Structure formats: C-alpha cells, structure tokens
There are 2 protein chains.
Amino acid sequence: MRLAELSERSGVPVGTIKYYLREGLLPQGERISATQAAYSEAHLRRLGLIRAMIQIGRIPVATVREVLGHVDDESLGTTFRLGAALWAMPQPPEAPADDPLTVQVTEAVDRFLGDMGWHNAREIGALSPTYRTLVTTIVTLTRLGFSRGAETLAQYAHLMEEVAQLDLDQLDTYEDDSEKVELAVASAVLYEPLLLALRRLAQEEHSTRRYGL
Amino acid sequence: MRLAELSERSGVPVGTIKYYLREGLLPQGERISATQAAYSEAHLRRLGLIRAMIQIGRIPVATVREVLGHVDDESLGTTFRLGAALWAMPQPPEAPADDPLTVQVTEAVDRFLGDMGWHNAREIGALSPTYRTLVTTIVTLTRLGFSRGAETLAQYAHLMEEVAQLDLDQLDTYEDDSEKVELAVASAVLYEPLLLALRRLAQEEHSTRRYGL
C-alpha cells in the first residue's frame, strides 16, 4: 500500500509516519519509483506498536528505538529477544542495594521464587529489572506498613502466573519470532491497564456484593 | 507518641509532617501542652498512606486531600466510601463517547459484564470511572490492532476476579471501615506495581521454560 493508505488505515498522520521513518522507528518501504514506496501489513502492525509505546506508554522516542532494535534482532533466541526488548522499557527506580531492609527483602524474594518453583527467574535474578522492581515494590510496601505475609504474596503470584500463561498462549499463536516479540512489547504497554481495569471493576462488583451499597 | 517519634517511625522528616498537618492531609494530634501534641498509630498508618499516594502514585496534594476526605466520610456506606475514594484518584483520559468504535466497544463491554455475571458493575456502568477506563483501553487495543476476542477477555477477567477476591479478603481482616478504605486506596497505589511485577516475572519464568534461553 502507499503512504496515504498506510496513514488512513493506521489513523496516523502522514507527517508523523514520515517522522518515524526518518527516526528509524519504522523500516523504509519498498521503493517503487523515485518518489514512491510501498508499505506492507508488517508496517501497519509496527505502526500500531510505535503508537502504543509513545501514546499509551509515554515512552521516549530514543527508548522506543532501542526496544525495536531488540525486537528486530534476529541473532537472539526468543527468550533473550523478549527479555532484551522488555528490559529496555522504562523501569521504576530501584531500592538502594546496601540498605538493610533491601537485603532482607531480597533474601525473602529468593526464598519465595524457590517456593514458587520459579527456578529460571531465580537464576536470572538481579540481572532482570523485573526482579529488582519486585524487590523495590516489597521494600516500599514494608516501609509504609502495608506489607502482607509470604502466603498472600504466593496467592497473588499463582494468579499472575496463570495470567502470564495466558499471555504466552497468545504469543504462541504467532509463528514468527518478530511478531511474538512485538506482541510481548504491546502487551506490556496495553494489557497492563486492561488487567488493572478488570481488577478494579471486579473489586467494585464484589465490594457491592459483600458490603451492599 | 511525640512528633519526633512519629517522624522516626515513619521515616518522614518532621518538616514534611508539619506540612501535611497544615494542609489538612494528616489530622491534628491530641494537644498535651501549648507546644506539644501526641500522635497515635492511626497517624502513623495515615502517614504511610499519604506517602504511598504522593511518592509512589505521584498523586497531586489536592487530589490526596480529596481522596482522604472520602476515606474519612463516615456518613457513607462501605461500598460508596470505597468507590468515592478510589474514583477520586487520577484516571486515564476517556475515549470520546460519540465515536462509532466507542459505541460498539461499550455494547461489547455491557455484554461481557452480563456474561461474567458482574451485574452490579453493569448497573453502576458509566457512573464508574473504572468502567469508562475499561472501554477506553479496549478501544485503544482495537484501534492499534492488538485486540483479542471476548473469550480471551473473559479468561483474563476470571483471573482478575480471583485477585479482587483476595484484595477484599485482605480488607475484611480490618473491622473498622476507615481502615478498610485506607487499605483499599493503598492497595490501588501499591499493589498494582506488585501484581505487574509478578506477572512479568512469571512471563520470564515461563518464556524460559517454553522457548529456552
């Protein structure tokens, strides 16, 4: 399709698409004349992903470029490609590693990963920003007096494990590794608000049932 | 306890506590002399909640004051108090109501709520910012080409319903309505990052299992 059709089907203005092409976020189309290029369904899909990251995730353009670099890196295996793309996304600030509470929570998180049987996650450990985010979050909860026991954490973790399985089932419907990684990035940006909205709506439903109006 | 002890136990500087007192976020202590006041465990807990909203949730002070006003409003029943406090928190932008895709998604969401048996949530409907957020999120997913069928949505919803039940089980351990509502607000701010970190960590675990390294 031509640039005008790509713009119409994606809802992204022509000027913005040209900007993404110049910035290297969107690969060049196939040149069909000195002034015209043809774009594919892959361009349309990529455009959706870029919009998701910039408009919904509010991720800076330089970071989007880095994430997409990993999405497109065919030299990596699927897990590393997924990891590299997701880990390049903005992460919350980390707890200081030398703080006694952080040390204590880190030990508790390692035990928890063992109890969950998440041995790969424990092995990747502090290499993963997600692991560090989990430690920081629990440090904050503890410091503010809202921390819960290991048992409650495990109950939440089992449910989120089922969510993660659903996420990966979705990825598995794509044969192509690039598409898998694209969907993983989009899902991080777009499915997080969806899951949180579903949780809050279910809270409203069940709060009404338990406590009346 | 005195102000100095409140500061030490909460980790919040004395000057900041005085600012929260002046701004009416934290109730005044019990006056014990012309220059001294005594603070209770309730002050400590409230301080944790204020820090969670401001530091983690990055919620403006004026909004925090409004949320806490609902937390403290004993004239409301539990559900309304929970709702008023949570609904006063910052919400994502809404999809334009007159857009054809929004109309179509709204109908789909109403059917979905019926299928889930979330009849109270359907009745509250567009009164609830959460309902409107769900519609907006699905509109965005659809527009960007990452929307999934009703069946997938229902699978996610069932899991988040179990999460919400766990959330409410936590609330039920508090007898006092004010404490219930405080925990609900803290849980919205602090448990969302926890749940998302658990989901991402489980994704890493299972992605490694499915795809190797």
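Within each chain, residues carry numbers counting from 1 in the order of the written sequence. Written order decides the labels, with chains lettered from A and ligands numbered from 1. Given that this is a predicted model, residues contribute local features only at a pLDDT of at least 70 and side-chain atom pairs are listed and counted only at 80 or more, while totals for whole chains, interfaces and linings are drawn from all residues. Only hydrogens and water are set aside when side-chain values are computed; all heavy atoms of the structure are taken into account.

## Quick word on the UniProt feature "domain: HTH merR-type" (unreviewed entry) in chain A
UniProt positions are given in the numbering used here, feature names are shortened, and annotations may be inferred rather than shown by experiment. Taken from the UniProt record, the annotation "domain: HTH merR-type" (unreviewed entry) applies to residues 1-70 of chain A. In this text, helices come from DSSP runs of H or I with a minimum length of four residues, and strands from runs of E with a minimum of two, each type numbered from the N-terminal end. With 61% helix and 6% strand, residues 1-70 of chain A has its two end C-alpha atoms placed 26 Å apart.

## Focus on the packing of helix H10 (residues 177-211) of chain A against helix H5 (residues 78-87) of chain B
Closest axis-to-axis distance for the H10(A)/H5(B) pair is 9 Å, and the angle between their directions is 160 degrees. The orientation of H10(A) with respect to H5(B), classified from their angle, is roughly antiparallel. Contacts between H10(A) and H5(B) involve Arg200(A), Gln203(A), Glu204(A), Ser207(A), Thr208(A) and Tyr211(A) from the first element and Thr78(B), Thr79(B), Leu82(B), Leu86(B) and Trp87(B) from the second. Classification convention: Asp, Glu, Lys, Arg as charged; Ala, Val, Leu, Ile, Met, Phe, Trp, Tyr, Cys, Pro as nonpolar; all other residues, Gly among them, as polar. When grouped by side-chain class, the residues that make up the contact of H10(A) with H5(B) number 4 nonpolar, 5 polar and 2 charged. Axes, fitted as lines to C-alpha atoms, cover a helix only where it is in contact. Angles between the N-to-C directions of the axes lie from 0 to 180 degrees. Comment on the angle field: the value is read as roughly parallel under 35 degrees, roughly antiparallel over 145, roughly perpendicular from 65 to 115, and oblique elsewhere. In what follows, residue pairs with any heavy atoms lying within 4.5 Å of each other are defined as contacts.

## Here's the deal with the packing of helix H3 (residues 41-56) of chain B against helix H10 (residues 177-211) of chain B
Residue and element names in this part refer to chain B. It is the contact of H3 with H10, at a shortest axis distance of 9 Å, that shows an interaxial angle of 25 degrees. As judged from the angle between their axes, H3 and H10 are roughly parallel. In this structure, the crossing between H3 and H10 has a hand that is left-handed. Between H3 and H10, the contacting residues are Arg45, Arg46, Leu49, Ala52, Met53 and Ile56 on the first element and Glu179, Glu182, Val185, Ala186, Val189 and Leu190 on the second. Class assignment of the residues belonging to the contact of H3 with H10 gives a composition of 8 nonpolar, no polar and 4 charged. In a left-handed crossing the near helix is turned counterclockwise from the far helix by less than a right angle, and in a right-handed crossing that turn is clockwise.

## Observations regarding the interface of chain B and chain A
Contacts between the two partners involve 85 residues from chain B and, on the opposite side, 85 residues from chain A. Summing both sides of the interface, chain B and chain A together bury roughly 8500 Å²; the carbon and sulfur share of this comes to 65%. Two parts placed together each lose some accessible area; with a 1.4 Å probe, that loss summed over both constitutes the buried area. Taken as a group, Phe146(B), Tyr156(B) and Arg199(B) account for 9% of the area that chain B buries against chain A, more than any other trio of residues on that side. Any carboxyl oxygen of Asp or Glu that lies within 4 Å of a side-chain nitrogen of Lys or Arg is treated as forming a salt bridge with it. In this structure, the connection of chain B to chain A is made through 8 salt bridges. A salt bridge links Asp172(A) to Arg210(B); its shortest N-O distance comes to 2.7 Å. Broken down by secondary-structure element, the contributors of at least two residues to the side of chain B that touches chain A are H3, H5, helix H6 (100-116), helix H7 (119-124), helix H8 (129-143), helix H9 (150-172) and H10 of chain B. Of the residues forming the side of chain B that touches chain A, the biggest block, 27 residues, is contributed by H10(B). Here the side of chain B that touches chain A is composed, by residue class, of 45 nonpolar, 24 polar and 16 charged.

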